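Fold and geometry: a report
In case you want the letters, here they are:
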Amino acid sequence: MKRASLWIAVLLAAMPMATRAQNPSPIFIQNATVLTVTHGNIEHGSILIRDGKIAAVGADLKAPEGATVIDATGQFVMPGIIDCHSHIAIDGSVNEGAPAVSSMANIKDVLNPDDIDIYRDLAGGATAANILHGSANPIGGQTVVIKLRWGKPASELPFEGALPGIKFALGENPKHSNFTMPPGVPARYPGTRLGVEEVIRQAFTEAREYKKQWDDYKRRKEAGEQNLIPPRRNEQMEPLVEVMEGKRYVHVHCYRADEILMLIRVANEFGFKVRTWQHVLEGYKIADELAAYGAGASTFSDWWAYKMEAYDAIPYNAALMTERGVVVSVNSDDAQEARQLNQEAAKSMKYGGLSANDALKLVTLNPAIQLGIDNRVGSIDVGKDADLAIYNHDPLSVYAVVQKTLIDGQVYFDRQRDITQRAELEKEKQALLDKEKKANEEKKSEEKPEKKPEQKKKPPKSDSADAAIARGAL
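Everything numeric in this text was worked out from a predicted model, so none of it was measured. (Residues numbered from 1 in each chain as written. Predicted model: local features only at pLDDT ≥ 70, side-chain atom pairs only at ≥ 80, totals over all residues. Heavy atoms only, no water.)

Another point: the sheet that holds strand β9 (residues 165-169). Pairing is mixed across the open sheet formed by eight strands, whose spatial order is β6-β7-β8-β9-β10-β11-β12-β13. In this open sheet, the two edge strands, each paired with only one partner strand, are β6 (81-86) and β13 (328-330). Between one strand axis and the next, the sheet turns through 25° on average, direction left out of account. Relative to strand β10 (residues 249-254), β9 is paired through five bridges, and the arrangement is parallel. The residue of β10 that forms the bridge with lysine 167 is histidine 251. Here helix α5 (residues 257-270) sits on the sheet in contact with β9, β10 and β11 (276-279), set at roughly 155° to β11. (Pairing = 2+ DSSP bridges. Helix = DSSP H or I, 4+ residues; strand = E, 2+ residues; numbered from the N terminus. Axes fitted to C-alpha atoms, helices over the stretch in contact; angles between N-to-C directions. Contact = heavy atoms within 4.5 Å.)

Listed below in structure tokens is the structure:
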């Protein structure tokens, strides 16, 4: 752990100041194939960036005087990848798994800006991610959308203006069927799928009553009633009230079609809306129902059969749901997978025949829509945030490698700079390790116990004494 921390410290120290402060001059990306997602591709196109926003896009633009020019000749520029289901940048465990309802836990409070996965995901073209609580609970913790601003403090990671969320979970994980509780630890309710449903129903029954108490209090206070005592605050109920009021998105871990339909009925009963179905591996079975309901589906490209409830998953899922009118994204759920989400999206062209542009939407515009941030990111349009990824080949090719990743118009990852700095970073890393080793050696030498004074040797035993010992007399 110490060596990993040293390596992260070296990376942070070596970061150019350009990535830490807003670039005051315009940035001009020129002569690239621009994949706008919303209005086609522009050959030999350019993008002008001012104050972190896209100011102009086109094939006939000229770099303004004083602009920082990025020559992207022969390269491809696309909107930054948005991962709708991620668990990076969390300090400690992702699950608060003891209670069945852990809505009071908040991922935003434990963001870890030093997680090296932020930098690695930038190297894969990712610029934003939905950071979720785990799936140990029917109702889990609060979620947060972040921008991958490597080098910034935790307070600057959250995506400004993005609506917060909360994680729900259905199926095997919340009913704890995939692991055995340690000895002496009692099994937690629920232990069945029907129990999972009733936990959610009971929680919203309580939240509805809690909301009513506060609504009555506010009404009486506004009417001028004096000496009112407000209801006691309940941190577990507050997020669920926000869900019913449309102030917090619900992201649901799910697999089976029957469970998805079950939660739709429960949500309709309490008047709240599911925003995204996460994983949703049997979504193709009920694609018409999902389209009619209106929630997004964030799935895997081709993961299946890794547990019982994933046995009916197929790699055509994303394409089939898209064809039926569902807003679909492809997510990672894994730090390594997030580095190649462009290739995960490309699989839908083989499995389902999606067009190249619709495949790109799976990791750009569609997750932006699902997270309610499509007015800011997800496509290359004037006025949107300059969150971009530059590739050396078509991003949907297996040969595509990210050259630069920009967030708010700042270069947060530069492949060439990364390569040229590796020798210098390795040298600095070794110097730190040598310094640590020397300090440990000096500490050990200081902790050595003082030598005891030599004791005087006892005189040798007499022959008579040795003989007595041999006979067993002493």
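From this point on, the discussion continues.
In this section: helix α8 (residues 341-350). Residues of α8 that are buried include every one of Leu341, Asn342, Glu344, Ala345, Ala346 and Ser348, and no others. Downstream of α8 by a residue or two, glycine 352 has a phi angle that is positive, lying close to 125°. (Buried < 20%, exposed > 50% of the residue type's maximum accessible area, 1.4 Å probe, protein only.)

To continue, consider the environment of arginine 188. You can see arginine 188 is positioned in the loop between β9 and α3 (193-222). In the structure, arginine 188 is positioned 91 residues away from glycine 97 in sequence and 9.5 Å away in space, judged by C-alpha atoms. Setting aside residues no more than four positions away along its own chain, arginine 188 makes contact with Gly97, Ala98, Pro99, Ala100, Ala136, Asn137, Pro138, Pro174 and His176. A polar contact is formed between the side chain of arginine 188 and the backbone oxygen of proline 174, at a distance of 2.7 Å. (Polar contact = N/O pair within 3.5 Å; in protein donor to acceptor, adjacent residues only side chain to side chain.)

Summarising burial for strand β8 (residues 139-147): nine of the nine residues are buried, a large majority. Taken together, the four bridges between strand β7 (residues 126-131) and β8 define a ladder with antiparallel strand orientation. The residue bridging alanine 129 from the neighbouring strand is isoleucine 146, located in β8. Looking at chain direction, β8 and β9 are connected through three bridges and run antiparallel. If you follow threonine 143 over to β9, its bridge partner there is glycine 165.

Attention now goes to the packing of α3 against α5. Relative to each other, α3 and α5 sit at 15°, their axes nearing to 11 Å. Relative to α5, the element α3 is oriented roughly parallel. For the pair α3 and α5, the sense of crossing is right-handed. Two secondary-structure elements touch here, α3 through Arg193, Glu197, Ile200, Arg201, Phe204, Thr205 and Arg208 and α5 through Glu259, Met262, Leu263, Val266, Glu269 and Phe270. The residue inventory of the contact of α3 with α5, partitioned by class, reads six nonpolar, one polar and six charged. (Parallel < 35°, antiparallel > 145°, perpendicular 65-115°, else oblique. Left-handed = near helix turned anticlockwise from the far one by under 90°. Nonpolar A, V, L, I, M, F, W, Y, C, P; charged D, E, K, R; others polar.)

Turning to the pattern of salt bridges, a few remarks are in order. Within the structure shown, the criterion is met by 31 salt bridges. Salt-bridge contacts for aspartate 385 lead to lysine 147; the nearest nitrogen and oxygen are separated by 2.7 Å. Of the two residues, aspartate 385 sits in the loop between α10 (365-370) and β14 (388-391) while lysine 147 sits in strand β8, which places them 238 residues apart along the sequence. We note that aspartate 385, like lysine 147, is buried. Residues participating in the shared-partner salt-bridge network are Lys53, Lys147, Arg149, Glu160, Arg376, Asp385, Asp387 and Asp408. (Salt bridge = Lys/Arg side-chain N within 4 Å of Asp/Glu carboxyl O.)

It is worth spelling out the side chain of serine 103 at this point. The topology assignment puts serine 103 in the loop between β6 and α2 (116-122). Assessed through its relative accessible area of 0%, serine 103 is described here as buried. Engagement of the side chain of serine 103 in a polar contact is seen with the backbone oxygen of glutamine 236, the distance being 2.5 Å. Beyond its immediate chain neighbours, meaning those up to four positions away, serine 103 contacts Ile139, Gly140, Gly141, Gln142, Ile166, Glu235, Gln236, Pro239 and Leu240.

Turning our attention to the packing of aromatic side chains. Considering all chains together, one arrives at eleven aromatic pairs under this definition. Between tyrosine 255 and tyrosine 306 the ring centres are 6.3 Å apart and the planes differ by 70°, which places this aromatic pair in the edge-to-face class. Here tyrosine 306 lies in the loop between β12 (296-299) and α7 (317-323) and tyrosine 255 lies in the loop between β10 and α5, a separation of 51 residues in the sequence. For tyrosine 255, a relative accessible area of 3% corresponds to the buried category. Between phenylalanine 300 and tryptophan 303, the aromatic rings sit 4.5 Å apart at their centres with planes inclined by 40°, giving tilted as the arrangement. Within the aromatic cluster, the residues linked to one another by ring pairs are Phe168, Phe204, Phe270 and Phe272. One cation-aromatic arrangement involves arginine 233 over tryptophan 214; the distance from NZ or CZ to the ring centre is 3.9 Å. Over the face of the ring belonging to tyrosine 293 we find lysine 273, whose NZ or CZ atom lies 3.9 Å from the ring centre. (Phe/Tyr/Trp six-rings, centres within 6.5 Å; stacked < 30°, edge-to-face > 60°. Lys NZ or Arg CZ within 6 Å of the ring centre and 35° of its normal.)

Bringing the environment of glutamine 410 into the picture now. Take glutamine 410: it is sitting in strand β16 (residues 410-414). On the basis of relative accessibility, which here comes to 6%, the residue glutamine 410 falls in the buried class. Considered as a pair, glutamine 410 and isoleucine 27 are 383 residues apart in the sequence and their alpha carbons are 8.8 Å apart.

With that settled, the discussion passes to unusual backbone geometry. A cis amide bond links tyrosine 189 to the next residue, proline 190, at an omega of 5°. Checked against the element boundaries, proline 190 lands in the loop between β9 and α3. Phi is positive for valine 280, close to 40°, though the residue is something other than glycine. Along the polypeptide, valine 280 turns up in the loop between β11 and α6 (287-293). A residue is classified by how much of its surface remains accessible, and valine 280, at 0% relative accessible area, is buried. For alanine 305, which is not glycine, the phi torsion reads 65° and is therefore positive. Examined against the element boundaries, alanine 305 turns out to sit in the loop between β12 and α7. By relative accessible area, alanine 305 is classed as partly exposed at 36%.

Scope: geometric values only; no functional claims are made or implied.
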